[in-house]
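# Observations on chain architecture
Here are the chains, one letter per residue:
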Amino acid sequence: MASPRPWKVGEKLRKMGSGKGERDQRYCRVADGLTETMEDGKTMDYTEVSNTFVRLADTHFIQRCPTAPEVPPDGKVPPAPALSIADKDMYTVPRLSLVGKGKRRRSCDEEEEGEHKAKRQKQEGGSSEAPPDDGIYWQVNLERFHQHFRDQALVSAVASRMDQTSSEVVRTMLRMSEVTTASGASHTQPLSSNEIFRSLPAGYNIGKQVLDQYLALLADDPLEFVGKSGDSGGGTYTVNLHKALVSLATATLESIVEERFGSRCARIFRLLLRKKHLEQKQVEDFAMIPAKEAKDMLYRMLSENLVALQEIPKTPDHAPSRTFYLYTVNVMAAARMLLHRCYKSVANLMERRQHEMRENKRLLEKSQRVEAILASMQATGAEAAQLHEVEEMITGPERQQLENLKRNVNKLDASENQVDETIFVLESFIESTMKRP
């Protein structure tokens, strides 16, 4: 018997929808669906699905839906009742006793017969007692998933900047505070070095002294992903979530500038990020780029709203000869502009994929029919010659066209996923910045 992955169970529960009461039947249906995807001879226990559901609730990936208040004694019900739920009940799962294993799909007649038998047993039982979870609805906690994706991005950034052990230390700190840290918090709860050491995965056999060295290295890093907040318990540390998001967003902007305008423009862009405000002559000197090229690059980025020009007049008349012109980078404005372009890119990718599917609609339908015929013949034990004859219904050029279509669609899907990751980083940065006082 295999243990279900929480994501598989979560996906199955999502497809089932939010259920009212009789959650034991819903667990059974999820176990049946997972059993269908497993190898022959393997089944999924109902208790395993139930335990996974509890773990998802304990880690706040799913939560109870708020409910309407009870009807007051006077019987007056407001036209639009305010839904609410106590914090202590939001992630509490009622206890249910489940015994059994998942079943594979049966024929329609057997399925109907089984349903009728279950209904008869339920009616004969005559129990009027409501199940423990009657009236309880569950929903996916999207903010918790966003928090998980953000943590994964932070861990990957630390791994690429330092090493795998440093990223595992940060992952442990995030995992320890994932439930206690609010979604919009600028940093995690302080954690002592001793607590972090006890919570490290069993596979990382590093000593306490080595862990302290890694924590000191992370705290001294210029990006300040990890900060030291005290000396008790061997030193207390926090993960600076906002600073980490700023670093991720800035790195995203630098990467986009380098891809679009080249490495020299990226050098100027990084220089402006570090120095904040510079005149054109200062940019030329610090970046060691000829004046003509530096001027052209600055104007190109200025026209794309990646850099901004700030005027500081010496006199009230704002005469150009008595005014300083300083180049700077407004990270928030640049992030908003690039976020808007990312949305346009996703829309274009989706439209292009739909166009590809429309252009090859007949060929796709023919391919699906052939695959259905082949599956049916294989199930009935057809000979290899018969299967080969059906496969030849799709000609060589058509097969090549299908391969080209599959390759193009895969490229579009991969591009959409990459743009979606950029959107997530930029949106998280903007949201975190807007929430700061």
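## Quick word on helix H12 (residues 291-303)
Over its 13 residues, H12 runs 18 Å from end to end, which matches the ideal 18 Å to within 8%, given 1.5 Å per residue. Along H12, the positions that sit buried rather than exposed are Ala294, Met297, Leu298 and Met301. The arc that holds every buried residue of H12, seen down its axis, measures 100 degrees, which confines them to one face. Away from its buried face, by an angle of more than 90 degrees, H12 presents the exposed residues Lys292 and Ser303. Turning to H12, the residues buried within the fold contact helix H9 (241-261), helix H10 (263-275), helix H11 (280-287) and strand S7 (323-328).

## Comments concerning the confidence of the model for the protein chain
If pLDDT is low for a region, its predicted coordinates should not be looked at in detail. Overall, the prediction assigns the protein chain a mean pLDDT of 80, with 80% of residues at 70 or greater. Low pLDDT, under 50, characterises residues 107-111; the predicted model gives this stretch 1 contact beyond four residues in sequence or across chains.

## Quick word on empty space enclosed by the protein
The tally for this structure, following the rule as stated, stands at 1 cavity of 30 Å³ or more. Taken as a whole, the largest cavity encloses approximately 50 Å³ of empty space. Considering the residues around the largest cavity, the lining is formed by Ala157, Val158, Arg161, Met162, Leu218, Asp221, Leu223 and Phe225. Of the residues assigned to the lining of the largest cavity, the class counts are 6 nonpolar, no polar and 2 charged.

## A closer look at the sheet that holds strand S5 (residues 236-239)
On the basis of which strands lie adjacent, the open sheet formed by 3 strands has the order S3-S5-S4 and antiparallel pairing. For this open sheet the edge positions go to strand S3 (191-192) and strand S4 (226-230), each flanked by a neighbour on one side alone. For S4 and S5, the ladder comprises 4 bridges, and the chain directions are antiparallel. For Gly227, the partnering residue across the bridge sits in S5 and is Thr238.

## Quick word on the side chain of Ser177
On the secondary structure map, Ser177 appears in the loop between helix H6 (164-176) and S3. What makes Ser177 buried here is its relative accessible area of 2%. Reaching out from Ser177, the side chain makes a polar contact with the backbone oxygen of Met173 at a distance of 2.9 Å.

## Details of the packing of aromatic side chains
Within the structure shown, the criterion is met by 4 aromatic pairs. Plain terms: the ring middles of Phe53 and Trp138 are 5.2 Å apart, the flat faces sit at 85 degrees to each other, and that makes the pair edge-to-face. Taken together, the residues span a long stretch of sequence, with Phe53 in helix H3 (residues 46-58) and Trp138 in strand S2 (residues 138-140) at a distance of 85 residues. No difference in accessibility class separates Phe53 from Trp138, as the two residues are buried. The cationic tip of Arg144 hangs over the ring face of Phe61; the distance from NZ or CZ to the ring centre is 4.3 Å. The aromatic ring of Phe286 is capped on one face by Lys275, whose charged end is 5.1 Å from the ring centroid.

## Focus: the environment of His146
Note that His146 resides in helix H5 (residues 142-161). Taking the relative accessible area as the measure of exposure, His146 reaches 44% and is therefore partly exposed. With 282 residues separating them along the chain, His146 and Ser428 place their C-alpha atoms 8.7 Å apart.

## A closer look at the packing of H10 against H12
Running from amino to carboxyl end, H10 crosses H12 at an angle of 75 degrees, the nearest separation of the two axes being 10 Å. Judged on the interaxial angle alone, H12 and H10 are roughly perpendicular. Packed against H10, whose contacting residues are Arg264, Cys265, Ile268, Phe269 and Leu272, the element H12 presents Glu293, Ala294, Met297, Leu298 and Met301 at the interface. Grouping the constituent residues of the contact of H10 with H12 by class yields 8 nonpolar, no polar and 2 charged.

## As for the pairing of S5
Burial along S5 is two-sided: Thr236 and Thr238 facing one way and Tyr237 and Val239 facing the other are all buried. As paired elements, S3 and S5 share 2 bridges and run antiparallel to each other. Each bridged residue has a counterpart across the sheet, and for Leu191 the counterpart in S5 is Tyr237.

## A word on a positive patch on the surface
A cluster of like positive charges, contributed by Arg267, Arg270, Arg274 and Lys275, occupies part of the molecular surface. Along the chain, Arg267 turns up in helix H10.

## Describing helix H13 (residues 331-359)
Helix length check: H13, at 29 residues, gives a terminal C-alpha distance of 41 Å against a target of 42 Å (1.5 Å per residue), a fit within 8%. For H13, the set of buried residues is Val331, Met332, Ala334, Ala335, Met337, Leu338, Leu339, Cys342, Val346, Leu349 and Glu356. Along its buried surface, H13 packs onto H9, H10 and helix H16 (396-435).

## Focus: the nonpolar core
A general tendency of soluble globular proteins is for nonpolar side chains to be buried together. If you look at the biggest cluster of nonpolar residues, it comprises 39 residues, and the most contacted ones within it are Val257, Ile268, Phe269, Leu272, Met301 and Leu306. Within the residue set of this core, elements represented by two or more residues are H9, H10, H11, H12, H13 and H16. Looking at this core, the element that brings in the most residues is H13, giving 10 residues. Every residue in contact with Leu272, bar those within four places of it in the chain, is listed here: Leu278, Val283, Leu298, Val307, Tyr327 and Val329.

## Examining the side chain of Glu168
By secondary structure assignment, the location of Glu168 is in helix H6. Those residues in contact with Glu168, other than ones at most four positions away along the chain, are Pro201 and Tyr204.

## Re the packing of H9 against H10
The N-to-C vectors of H9 and H10 enclose an angle of 150 degrees; their axes lie 7 Å apart at closest approach. Judged on the interaxial angle alone, H10 and H9 are roughly antiparallel. As for the relative orientation of H9 and H10, their crossing is right-handed in sense. Contacts from Thr250, Leu253, Glu254, Val257, Glu258 and Phe261 in H9 reach Ser263, Cys265, Ala266, Phe269, Arg270 and Leu273 in H10.

Conventions we followed
- Residues numbered from 1 in each chain as written.
- Predicted model: local features only at pLDDT ≥ 70, side-chain atom pairs only at ≥ 80, totals over all residues.
- Heavy atoms only, no water.
- Helix = DSSP H or I, 4+ residues; strand = E, 2+ residues; numbered from the N terminus.
- Expected span 1.5 Å × (residues − 1).
- Buried < 20%, exposed > 50% of the residue type's maximum accessible area, 1.4 Å probe, protein only.
- Arc of directions from axis to C-beta.
- Contact = heavy atoms within 4.5 Å.
- pLDDT = per-residue confidence, 0-100.
- 1 Å grid on protein atoms, 1.4 Å probe; cavity = no way out; pocket = protein on both sides within 12 Å on 5 of 7 lines; lining within 4 Å.
- Points joined across faces, edges and corners; volume = space filled by probe spheres on them.
- Nonpolar A, V, L, I, M, F, W, Y, C, P; charged D, E, K, R; others polar.
- Pairing = 2+ DSSP bridges.
- Polar contact = N/O pair within 3.5 Å; in protein donor to acceptor, adjacent residues only side chain to side chain.
- Phe/Tyr/Trp six-rings, centres within 6.5 Å; stacked < 30°, edge-to-face > 60°.
- Lys NZ or Arg CZ within 6 Å of the ring centre and 35° of its normal.
- Axes fitted to C-alpha atoms, helices over the stretch in contact; angles between N-to-C directions.
- Parallel < 35°, antiparallel > 145°, perpendicular 65-115°, else oblique.
- Patch = residues over 30% accessible without salt bridge, like charges linked within 9 Å, V, L, I, M, F, W, Y side chains within 5 Å.
- Areas by Shrake-Rupley, 256 points an atom, 1.4 Å probe, with all protein chains shown as cover.
- Salt bridge = Lys/Arg side-chain N within 4 Å of Asp/Glu carboxyl O.
- Lys, Arg positive; Asp, Glu negative; His and termini not counted.
- Charge placed at Lys NZ, Arg CZ, Asp CG, Glu CD.
- Core = buried A, V, L, I, M, F, W, Y, C linked by side-chain atoms within 4.5 Å.
- Left-handed = near helix turned anticlockwise from the far one by under 90°.

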